[in-house]
Every structure is written in C-alpha cells, then in structure tokens.
Amino acid sequence: MSLAVRQDPALLETNPPLVQGKTGYHDITDQISSIVEADTFETPMKYWIALGITSSIMVLLLCMLAYLALTGIGVWGNNRPIGWAWDITNFVFWIGIGHAGTLISAILFLFRQKWRTSINRSAEAMTLFAVMCAAIFPLFHTGRPWRAYWLFPVPNTDLNIWQNFRSPLIWDVFAVNTYLMVSILFWFTGLVPDVATLRDRAVTKVRQWVFGALSLGWRGSARHWRHYEAAYLILAGVSTPLVLSVHSVVSFDFATSVIPGWHTTIFPPYFVAGAIFSGFACVMTLLLIARWLLNLQNLITIKHLENMNKIILVTGSIVGYAYACEFFIAWYSGSIYEKFTFWNRAFGPYWWAAWSMYSCNVFIPQLYWFKKLRTNLWVMFIISITTNIGMWFERFVIIATSLTRDYLPSSWGYFHPTWVDMCTFLGTFGLFFTLFLLFARFLPMIAISEVKGVAAVERHSFAPETATEEVH
Amino acid sequence: MSLVSIKPKVPSGPKYWRSLDHLANTSEFREWVGREFSSEAPLMMDGNSRRTVLKMMAASFGLAGLTACRRPVEHIFPNSKGVVDYVPGQKYNYATVTSLAGQVAGLVVETYDGRPTKIEGNPLHPNSLGAATALAQGSLLNLYDPDRSWKVLQGGADSSWEKFEAFAKSMNLGDGSGLRFLSESVVSPSLMALRTATLKKFPKAKWVEYESFQRTAGRVGATMAFGQPVTPQTHFDKAKVILGLDSDFLGLDWQTPLPTKQFSSRRHIASEEDLDNINRLYAVESQFSMTGANADHRIRMRGSEVKQFAIDLAVALGSIPGMNVLNNGSDRRAKFLASAVKDLKAAGKDALVITSPRQPPIVHALALLMNETLGSLGNTIEIVKAAEEDRVESGPEALKALSGEMSSGQVSTLVMLGGNPVYTAPADTQFGTNLAKVATSIHLGYDPNETAAMSKWHLPEAHYLESWGDAVSGGIASIQQPMIEPIFGGRTASEIVALISGSKDVKAHDIVKNYWLATWAGPGEKSGTSHQQQWQKSLNDGIVADSKPVEGLKLTADAKKIAAAVAAEPKPVVNQSGGGIEIAFVPSSQVWDGRFANNGWMQECPDPMTKLVWGNAALVSGATAAKIKAGDGQMITISRGGAKIQAAVLIQPGHADDCITIALGYGRTHCGRVGKDVGFDAGPLRTTDAMWYASGVEVTPTGERFVHATTQERGLAEHLNERPLYREVNVSDYKSNPKVIEEMSEVPKLHSVYPEISYAEGNQWGMAIDLGACTGCNACVVACQAENNTPVVGKDQVIRGREMHWIRMDRYYVGSEDEPRAVEQPLPCMQCENAPCENVCPVAATTHSPEGLNDMVYNRCVGTRYCANNCPFKVRHFNFLNFHKNDPEIHSMVHNPDVTVRMRGVMEKCTYCVQRIQETKIQAKVEGRRPIKDGEIKTACQQTCPADAIVFGNINDPESKVAKLKKQERNYAMLAELDIRPRTTYLARLRNPNPELEA
C-alpha cells in the first residue's frame, strides 16, 4: 500500500508505531489467518462456551419473535399513548451502534487515519450485524408483520396502493436499506484481498472452495490493486454521506412529528453524534473482548483505543450540548407543552431514565480528559458499557417518555415493559454476538492487507517522497 | 405446430420401435395410430366449424331456457317464511320500552335480520325524547350474554318448562295464605292488572316489590307533606336556580335521559336571551357526583348531614313555622346556605329544591315544603297522584317483613319475579337464610345468580327485547314488543304469574294485547277494528295512542306536620368528625345493582368521576385517606355491627371527609364469566335502617395492595398545568368580552408545507360539542361501542392502557384537592383537515376523504402505530391483540353488520360513523341525487346524547346547525396552534356562579 510509506518520520517519534511486536508481513498474515485456519480442537474452549451462550440467547430471540408474530404486539408493553417503546428504542439503539463501522472505515479512511486499520474490519462487521438486529424491530413491531412488505415499493396484488412518501417511515426504509447494502459492499470489497490470502493458504477442500469463490479470482496483481483502491475509495466516498444521512433520516421519524419532545430541529446532528458516540463505545467493548480473547494486543494497541476514547469524549460532549440546547429551546419557545415535556423529562416519573442518560452520556465520559483514565483498559471497558447504557436510555427517554405525557393530560400513561420486551432485546444481543463470534472465527477479523500497510513503518520511513510517484 | 415438421435431418442414433407392427410399418399399424392418436382439435381451429359449434351451443341454451317457461297462468304464492315487505340485510327500527328501578324509557331498536344491534331513544317518548342512557345502551349486550339462564332448573338439576307447568298446575295454593310474590318495581299496567286479578283469586297472598334502588322515599315524603298518596314530578327545564340536596339527578338518581335533557336545555346558548336564562345549580353532596361536577357551586358533607342542611335551609327560607334556629356549622356552609337562600328566593317560582331517593322521607317533605314557600310548586315541580305501581308493599321494610314471614314458616310458596334478592337484600333481612326455609321457592331470573342457586325452581327470564310487555310512566304508556324470539327460551314475569294464577291468557302477547284492547274498549265492551288499528299505531310509535300525561294536583303541604316531624328528629351534629367514619352506598354507574355485572360494555365503561373500570372502590377524600392510613390501592376492612367487608381505597378529590362511598353491585359470586368476583361487595354492610348511609363504621387497613384499573391517570396524580384544552368562562365575563375564549390560546399565522386543499365543495362533515351542555353521562361512550363493534379488552388490558373506546370522556379537576370542581370533555376523533396521523402512515392506510373525513383503511393498515403516536389527542386505538378472539360465538350477533370487526394489528378510531353517512348518501342518491338535509345523518354519539351536546353536520351549509354553532364565539378548536385544523370543535362551557360565592 503506497500511501503507508508517506508516514512522516517526525510524527513517528511522538506517535508510537501502530503495530507492535512481530511486524513482518508473514507474521501478520500468520497471526490473523491462524485464527481462521485453526482446527476445531485448537480453538480455545472459551470461544465455544461463548458461542454456546450467545447462540442460546439467539434462540430465545427466535422464540420471542415467533410468540410475538403469533399473538400480537400486545405481548409487549406498548400501549396507548406509548405506541412505540422498547421496539423503536432498540431499533434506534442498534442503528446507532451500526454507525461506527462505516465511520471508522469510510470517514477515517478518507481522512487517512492510519490507526483505523486494525479495527475497521470488525467495526464494519459490527455495523452489519447491528443493522440486522435493528431491522428486526421495525419489521416485528408492526401489528401485522406478514404485511410489512407493503412498506417496500413492490407491486402488491392485495391492494394496489403505492407507499406514502410523505411518511418518514418510508424514508427510513430507504435509508436503512441503502446503508445496509453499501455497508455490505464496503465490507466485502475490503475482504477480497484477505480472503484471497486465505484461499492461497487453504489446505482443506472446503476452504479452497469457499475462499476461492469469495475472493472473486483475486491474484493480487497491480491492476487488481489499482482497481481495488479506486473501488474502495469510491465506496468510502459513498458511505460517508450515508453515515450522516441514515441517522438523520431515523431522527426525522421524530423530528417531523408534532409531539413535544420529538418535534425538534436539532435532532439530525444530535442523533448522528449520538450514533457515533454509541457506535465507538460498542466497538470499544467488542475490541477489548476480542483483544483479550484472541491475543491481539500487538495489533490493537493502546493508541488505537485512546484515539477512540477521544472521539467518545468529543461526541459525548456534542450530545451533552444537544441536551442543554433542547432545554434552552423548550424554555425559549414559550410553548407550554414543550416546557412541560422537558420539565417532565428531568423531574417527571421517568426522572431516573433521564438522569441515567445524562450521567452515562455526558458526565461519565468527561473522565477522558485525563490521559491516565483514557488509556486504562478497565476504565475504558466500563465507560464503553455505560455509554451504551446511556445511549439506550437516550432513545428510550426521547421515544417513550415524550409519548407518555403529551398534549392532553387525560391520555397520559406509563410504560411497563413485559418479559417479552426484555427477552426480545436480550435476544438481539444473542444474535449480534453469535454473528460476531462466527465472523471472528471464520473470517479475518483484522484487515491483513491494510495492517501490513501500516506495519513496520519505521523500516519503510526512509523511503523518499519520490517513491510514491514511482508506484503511480 | 405439427409433429411431422420436426423430422430430424440427420440420423439421431438407433431407431426405436414400439411393436412388431410398428417395425414392419404395416397398414394396420398406421390405421391404429390414426385411430389412437386421431385429433379432432384442428377441426375446432377451423373457422367454420368453431362457429358452428358456438351457434349450436347458443341455440341449445336458448331452447333449454324456453322449456323452463311453463309457469302456471294462475297467481300463486311462494311458500316461504319471509315477512311481507321484508328485505334481508336491511335494517329495521322497532319501538319498545324498558324500565330500570321503576323508571320507564321509550326506545327504538335497530335490528338486522331479526337481531337487535343498537338501542336508541324513542323521540316520541316523553321520558326519552330520542336519547338513551348508558345503561339502556348497554342493556343490549345482556341479550346476547352467553351466561344467561337457558334452562329450567329444579333443585339445581336440569328440568324443563313442561315439568314446571305440570308442577305449577299441581300446586294447591288454596286462598293463597302461604303464597308470596316478590318482584322488582312493576311499571307494567298489564302485569298490574294481572296482579290485581291474582291477589283477588288468592286473597291471602301478598305481593312485595323490592329492588336495591327504589324511589319509595320520595313518595313517602310527598305523602307525608300532602297527606295523600302523591308523588312529585320535576321540570328541570323550567328551573333557573336548582339546589340539590344530595341529589344526583344528572347521574344515578334518574335512569331516564329526561333530567339531563331538561337541565341542559338551559345551557344551550345561542343568543343573548339564552345567556340570561342560563340556570344555576347548587349541589350539596357527599360523593363527587356528576351533578356535583355540573354544579356552579358545590358543598360537600356526609349524607347524614344533608338532613340538617335541609332543615336549616327550610328555616332560612321561612318554610317551617316556629323554627328560626340555624345550625351554622362552618363558615363555608353558612355562606353557602345564605347565598343559596338569597338566590332561591330571588328565583321564586323558577327555583327548584330537589333531593335524592337516597335521602329519608323527611328531607323530601322539606324539599317540597321549600318549593311551596318559593312558589315553585306547580311550576318546576308538580305533585301528581301516585300511580298504581306505588300502592303495593314495597321497599326494604316490606322485604324485611316478608323475610320474617319466611323465617317463621308462614310462606310456603315464594314466587320471585326477576331480580336477585339474595344478593341485593339488606343484610339484616337474612333473606338468603330464610329462603332456604320456604318449601317452594320459584325464581324467574335472567341469569343463574345467587338467588337462582338458592331457589327450588329457577326459570329463565326473557330479556325485554324478547318480551311482550308494557310500561307506564306519568300517564304515558308504551307497549314493549319483542324484536327476537327468546334466544334461550325465557319467559316473562306476566307469563309466570298467569301460569300460577291459572288465568286465561298465558302468552305474554295475549296478556298484553288483550289487556289494552279491553282497556280501550271499556268495561264490558268488545274491541273492534279501530282498537286493532290503535294497537298497531301504539306498536309503531312506541307510546300508547291515546295516553295522556297525568295532571298536576293543586295541594298545600302540611307545614305543621313537617315541623313536628323535624322537631322529633334527633339533634344532629353538624360538620364535626364525631360519629367516626360514615359509609355511603350508591348504585354503580356501570353495573347498577349487579344486574349488568356480566356485561363487558358496562364493566369497561369508565365511571364518570373516578374513571374506574372493572370494579368499585372505597372512595374517600384525601384527608380521610390520611386519617384511615390507607391510600390509593390499599386494602381496608370496613366493619359495621358484626359485618365486615374488604375493599381497596381510591382517593376521590372533593369527596366529603370522614366518609367512604362504595358502589353496590360488585363482588358477585354467582355470575357469568365477565362479572364473577369483580370488585367488592358492599352488601353485607347494608341494612334496612341504613340503605344508603351508616355512621360509625370501623376501618382498618389490611396492609394488602390492590390494582385499580382506571382509564385516566393510571395511578399518577399529577397536576395539570394551564393548558387551554377545556375552556370555560363565567357568564358575566363572557358577556363583557365574548372573545375571551378565543384569547385563551395564541394562534400565530400558520403555513403548511403541503399545498392547501380546498374543502369548499360538497358535503364537509364537521362536529361541534357543547361543553356547557354535556354532563359527562357516558351515553355516547356506550352508544359508540355498540354502533362500531368496539371490542371489550378486560381489566388487565385497561391497566396496560389499551381500552378501545372511540369516544372517551375526559375528566379534569379544577381547584384545590379538597374543594375541586370537575369538568367533562367528550373526545371523539378531531378529524383534522391537516391530520398529523395521515402524513406519517407509510402505507397510506389513513387518508383524507374529499368530504373532510380522516378515513381509516383497516385492510391496508400494517400497524406501525406511528399515526397513534403522532395524534395529539391520542384518539387512535390499536388492536394490540385479537380482542375478539375470546368472544363467545353469540357475541357476533350484536355486531353492526355495517361496520368491519377489526382484526389484531390494525389501528382504529372514530369515523364520524361513516357507515351512517354512507347509508344516507346512498339513500339520497337513490332518491334522485337530492341534497342531504341537515340533521338527516346523526352519529351514534350525537343520536343518544341526552344533553344534545353533540351536533354533527355539513359545515359547508351555512344554514346547518353545526355551521351555526361553529360561528359562535364560544367555539374553539383544541390545539389550533398546531395547524391541524380539527373538524371537531368545542363550544366553551359557560359557568353561572353566584357572584357572592365566587369572591
């Protein structure tokens, strides 16, 4: 990768190398491929135990969804006035988590942030799995899920009615599906060279076939690399606006409504910041676990983690600013309904949810101002979890508590989740982690080719600027 | 394509042969092939042949038809069971009549193919004037109650009508010395005649009338005042100042829509003159009733204190000669009393003092005396001769006497005609215990209830919609005609009496018809054709053709006698917490005395004040809750004498202190699937001397918790900040500035992002709801449920917040927790022109009609619930589960065939009764595309509204009633600042407080 050699030698002194330990190309290939190529019996027992637990939870999800589809939404706690509760909270939560993947891959790629290379693959995978988890909710939260396909612009013989394109839910359908498609493409494109590496190393028939098919005839020729780089750049360019658009569109579900607490113009940037915030936190949780489970300390270094924590601090503060701004606008608007909603949010019956959200999202990340804390693995692990708890609460607070008390006090209500609500949400974690564990075991979870690009930079750093031109 | 054409050009492998003949290619083989695989198909493809075939077919069909035309020339009649002029699937309305607690209401019943589906008030009946109460609306579902009695039971074992008939004939009743009849209040002239005849045949027999809520006190009080059997008749429409002494005339005290109709007639404001004629209501009461909610001034006191208040009021008005000592009590009471007296005096003959059947006769006598003093007797209240119905032994004392006779073995045969005396009888009568001592106890009952379980014979009773009968009220008689054959083979009370007394007519139809024909013909005369026509007209109209209202009597009250009675009363303690806690009993607004307990519509119809469904509660004020150390949902034990009950507390703001109110009719032990063990039975605390309130009960919290199901608050008592949703203003303020209502909210100039749609053409439906007229009686809620097949969801689902009422009654309190006022606001769909629900639906399942309706397309709905979230009024209801899944099969009979029964997973909401709109539109189209007249379409809620508070119509027609109302300055749209442009608007309530008390 030609760009890698342009690393400024001066920077290297202040910044430690991104890949540590054995950094020979073969070492990297060996280390990453060995996970995929390991014999069943060589895979650590802790992996199988983990997979057993997560897949059991995934089965729980399937049972819950079957029960829901057969009985009705009534098995959840949703009611009137709270038409959307954990379902859409979970949807937005998972979509938010799905943001970090593309952000790390695409935006950091465009900004030439080298440190992304060890984490981008798993972050992208996480995006895909999170979007899959997210998609479950809009599908199954409909009263008649067998009719949910009416949300897609496909001709239907039942009733020849076209979709209502004024509805933000239709925008959602397009935004989320586009995002999913592009994310899959982006992830897969990045995988091609690595899969080819695995194919070349394959010793079993199955691996030869599977990796052979997936590598799309990759030979690693210069022409391949040139096209690959161009395609990757284009996809990164396409993905970048999507990072901003998906969550903006999701936020339109609320922003375009008339409900106080939903009807807010600040939502698009606020939701995007929140999504990046939660997405980075989720990547952090996963990486810390993977780093420990699969001994990847040399590839996922403290520097990677610290950079991510900086982003968490920034986005957390943006979110905090948004909270403050909402309160200000509620007061400034002079609308009694707005004022009440925000007063109610902080001091009403859901005060505990609101203060959990303020604490987890705004107050706790402030600890990252201290370098000692943002480089401490335990601190970052705990904060990554509290951040996601806080972000889940943020969606719950916005969605459910705004609905509990809107205009007419006669219709005010309260939401109590049922065991089905809880098991369904828990089940999505089962699905998510099962997919992630399968991915970690059967596909290279770190981008081999890209890490090689940044590996052993000090050995390449003597290369003059002209070297780049030679390659071109 | 011909197979011959695909002959292979090149050799294609070995040659296959089918048989030796084939191999030899003999002529036989070719012939066989030709035979076997001959094809006629090309023939058909040949132009001429195909045409020939078709021609032949056409001719055959034509000729075949000819042979069928061999009808006889003579005129024949089809042998079918169809009714003449009857169109299957078409709805027919029949007039009938019902009664509850001795009060009569004329009804019109909509039937489809012989099954009643909707009850409406009979516009011709003077007690209904087109409206029906919530309970009358709900009584329809009782007809289709799957748990009704459906067989004759003898000692709990299956029997049959034949066996009972044989038994009845074998009974040797002699002179009737051991024979007793126990019925509910009888209002049927034919049954009264039958009763007279029966009692003549069995001279020593007795007939007692008892039911849980009887109006005997009013009659006894009036008789006390005037010295002869008379009964008062009120005209609320004539009253300008009304003072109610514990009276809930807008709620539980009357079971006809009449008082509401009359009261609200003075609250319809269309002109300056109406503003001057607006009435003023003072309420003195213990429970916060609907009458209290509609009062301009309300003072709360325990039920037992009302008597002293009445005495003081009478003294202050100068009604009682020789008495001038006032028990002033608190400042508030004294001030209230003084202002009310001044106001009543000023109103003079337009004043009205009224009390409740739950108050003792002395208070009734005092009220009549006061009216006489004021000069209103004969104007706002009239004295009429007590009808015959009132002349048998009735009331709890009569029941106690009967029970005593049963205990001592004097009763050998007890015939109970309807009702559930074992459950409703006061505890001290020990009716249930004594019933076991009666050799032959016969119970005619609607359901296998507590009484049925203890009787030797239980006979299924026919529902009033299955029965021939009649009813009279204030001189106006009506014939009750059945719309359907008794579904479960029930019989009427008159049939049972006829059977036992061995009278000539044994079928209810004959009993009723012959009674009326004989009455019309006069004694000894035979009825003629004109009487048959009269019969038909009476059935048609719902009131007996020549019946006239009874005339008021000119009588003078015996003030001295009343004064003496007052003097004889024990000196009460005024406004002190002495005497411990008092308990008050009220009939339930939902299940009445328990007879509607198995009725899902009524169980789920929120109580007007507490919004409680599926049960009752021990209602207390906040202060009393603190005193008894039990808050919302905490169980308490209430003991009185030796009796004890348990109930859960619910704090009712504005309730009198040191007093618990509990509704009767709950905690049924022998009841169907819906009502069994719902709520708490207060019956064990009730005695003949304390039918409505009793002092000195002991209350102890048990420490257990109970979850009430309410449709509002759901356990959250949060104050309402100042939202201009419900708007009300004092008449004086409105007079000085009619814009005051509009100014309550600021509506800036608004712009929609979507292009403006013109609604200037054609019919544009709209609704105006007059909050001033609405009393919050719930009739619209039940009417809507019946009309629109709205499901009943059950207690658990209500707790979850999933009740489905398309129109709901919002109740808000105003003022302090101890002395609040309350207001009621009916809330159907607002049918916004700029509906927020519409643009968020991803599948266009809710769209706007050119006539301005916000339509809901059930079969397009996928159930995202986005529309419900975005509805600022939260009037959209989602089928979270298949709420019709557990409906008994018979419930499908109550469904309106014009309205889809919604499945799970779809949204639903008020449609302005679009089926009624369409029906009328089609009718108008059939009649030559004529325009639809104003008032021709009535929504179900509007139709039944006893207050005429709901007006629906075409807002494009400037002459329509609704358009005129919307032009009033009282008219406002809720949340107009959201630019949603609701089609349903409200007319602000005008309050008419006494300036003296308001300060």
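Bear in mind that the values here come from a model prediction, so they are computed numbers and not experimental data.

Cut-off values and rules
- Residues numbered from 1 in each chain as written.
- Chains lettered and ligands numbered in written order.
- Predicted model: local features only at pLDDT ≥ 70, side-chain atom pairs only at ≥ 80, totals over all residues.
- Helix = DSSP H or I, 4+ residues; strand = E, 2+ residues; numbered from the N terminus.
- Axes fitted to C-alpha atoms, helices over the stretch in contact; angles between N-to-C directions.
- Parallel < 35°, antiparallel > 145°, perpendicular 65-115°, else oblique.
- Contact = placed C-beta atoms within 7 Å.
- Nonpolar A, V, L, I, M, F, W, Y, C, P; charged D, E, K, R; others polar.
- Pairing = 2+ DSSP bridges.
- pLDDT = per-residue confidence, 0-100.
- Buried ≥ 20, exposed ≤ 12 C-beta atoms within 10 Å, placed from the backbone.
- Arc of directions from axis to C-beta.
- Left-handed = near helix turned anticlockwise from the far one by under 90°.

### Considering the overall build of chain B
- Looking only at helices and strands, chain B has 33 helices and 39 strands in total.
- Along the longest, intermediate and shortest principal axes, the C-alpha atoms of chain B span 140 × 85 × 65 Å.

### Structural notes on the packing of helix α2 (residues 25-37) of chain A against helix α6 (residues 168-201) of chain A
Residue and element names in this part refer to chain A.
- For the pair α2 and α6, interaxial distance at closest approach is 11 Å and the crossing angle is 75°. When the axes of α2 and α6 are compared, the pair comes out roughly perpendicular. Packed against α2, whose contacting residues are T29, S33, V36 and E37, the element α6 presents T197, L198 and R201 at the interface.
- Considering only residue class, the contact of α2 with α6 consists of 2 nonpolar, 3 polar and 2 charged.

### Some points on the pairing of strand β26 (residues 693-705) of chain B
All names here are of chain B.
- Where strand β20 (residues 581-586) and β26 come together, 3 bridges link them in antiparallel fashion. Along β26, the bridge assignment pairs I583 with A694.
- With 5 bridges joining them, strand β23 (residues 634-640) and β26 adopt antiparallel strand pairing. Looking at the pairing, Q634 lines up with R705 of β26.

### A few points about the interface of chain B and chain A
- Each partner contributes residues to the interface: chain B has 43 residues there, and chain A has 42 residues.
- Residue assignment for the side of chain B that touches chain A shows that the elements contributing at least two residues are α28 (836-840), α29 (866-870) and β34 (877-878) of chain B.
- Ranked by residue count, the leading element in the side of chain B that touches chain A is α29 of chain B, at 4 residues.

### Side note on the confidence of the model for chain B
Residue and element names in this part refer to chain B.
- Averaged over all residues, the pLDDT of chain B equals 87, while 92% of them reach at least 70.
- Taken element by element, chain B is modelled with least confidence in helix α3 (residues 41-45), mean pLDDT 48, and with most confidence in strand β29 (residues 765-770), mean pLDDT 96.
- Ignoring residues within four places in sequence, the model shows residues 1-8, a span with pLDDT below 50, making 0 contacts including any to other chains.
- This model gives residues 40-44 a pLDDT under 50, and the stretch forms 4 contacts once residues within four places in sequence are excluded.

### Brief notes about helix α22 (residues 559-568) of chain B
Residue and element names in this part refer to chain B.
- Among the residues of α22, I562, A563 and V566 are the ones counted as buried. The buried residues of α22 occupy one face: seen down the axis, they fall within an arc of 100°. Those residues of α22 that are exposed and angled more than 90 degrees off the buried face are K560, A564, A567 and A568.
- For α22, the elements touching its buried residues are α8 (216-226), α12 (306-317) and α14 (361-374).

### Quick notes on the sheet that holds strand β11 (residues 297-300) of chain B
Residue and element names in this part refer to chain B.
- Taken in spatial order, the 4 strands line up as β11-β10-β9-β12 in an open sheet, and their pairing is parallel. The open sheet has two free edges, formed respectively by β11 and β12 (351-355), since each of these has just one partner strand. Averaged over all pairs of adjacent strands, the angle between their axes in this sheet comes to 10°, without regard to strand direction.
- Pairing between strand β10 (residues 280-285) and β11: 4 bridges, direction parallel. Paired with Y282 across the bridge in β11 is H297.
- Seen against the sheet, α14 touches β9 (241-245) and β12 and runs at an angle of roughly 175° to β12.

### Quick word on the pairing of strand β24 (residues 643-651) of chain B
Residues and elements named next belong to chain B.
- Pairing between strand β22 (residues 618-620) and β24: 3 bridges, direction parallel. Within β24, the residue paired with A618 across the bridge is V649.
- Here β23 runs beside β24; their pairing, made up of 6 bridges, is antiparallel. Considered in β24, the bridge of S639 is made with K644.
- Hairpin geometry of β23 and β24 is characterised by an intervening segment of 2 residues between the two adjacent antiparallel strands and by a positive phi of about 60° at G641.

### Re the environment of P321 of chain B
Residue and element names in this part refer to chain B.
- Mapping P321 onto the fold places it in the loop between α12 and α13 (331-347).
- Remark: the alpha-carbon pair of P321 and A564, spanning 243 residues in sequence, is separated by 9.9 Å.
- With residues near it in sequence (within four places) discarded, P321 still touches A559, K560 and A563.

### Quick word on unusual backbone geometry
- Cis geometry is adopted by the peptide bond preceding P81 of chain A, which originates at R80 of chain A and carries an omega value of 20°.
- For A101 of chain B, which is not glycine, the phi dihedral falls at a positive 55°.
- Owing to 22 C-beta atoms within 10 Å, A101 of chain B belongs among the buried residues under this scheme.
- The backbone phi angle of Q831 of chain B is positive, close to 50°, even though this residue is not glycine.
- Mapped onto the secondary structure, Q831 of chain B falls in the loop between β31 (821-827) and α28.
- Note on Q831 of chain B: 25 C-beta atoms within 10 Å, which makes it buried.

### Let's talk about the packing of α12 of chain B against α14 of chain B
All names here are of chain B.
- Put simply, α12 and α14 touch, their axes get as near as 10 Å, and they point 20° apart. Judged by the inter-axis angle, α12 sits roughly parallel to α14. Along this stretch, α12 crosses α14, giving a crossing that reads as left-handed. Contacts between α12 and α14 pair V306, K307, A310, I311, L313, A314 and L317 from the former with I362, V363, L366, A367, L369, M370, T373 and L374 from the latter.
- Split by residue class, the contact of α12 with α14 holds 13 nonpolar, 1 polar and 1 charged.

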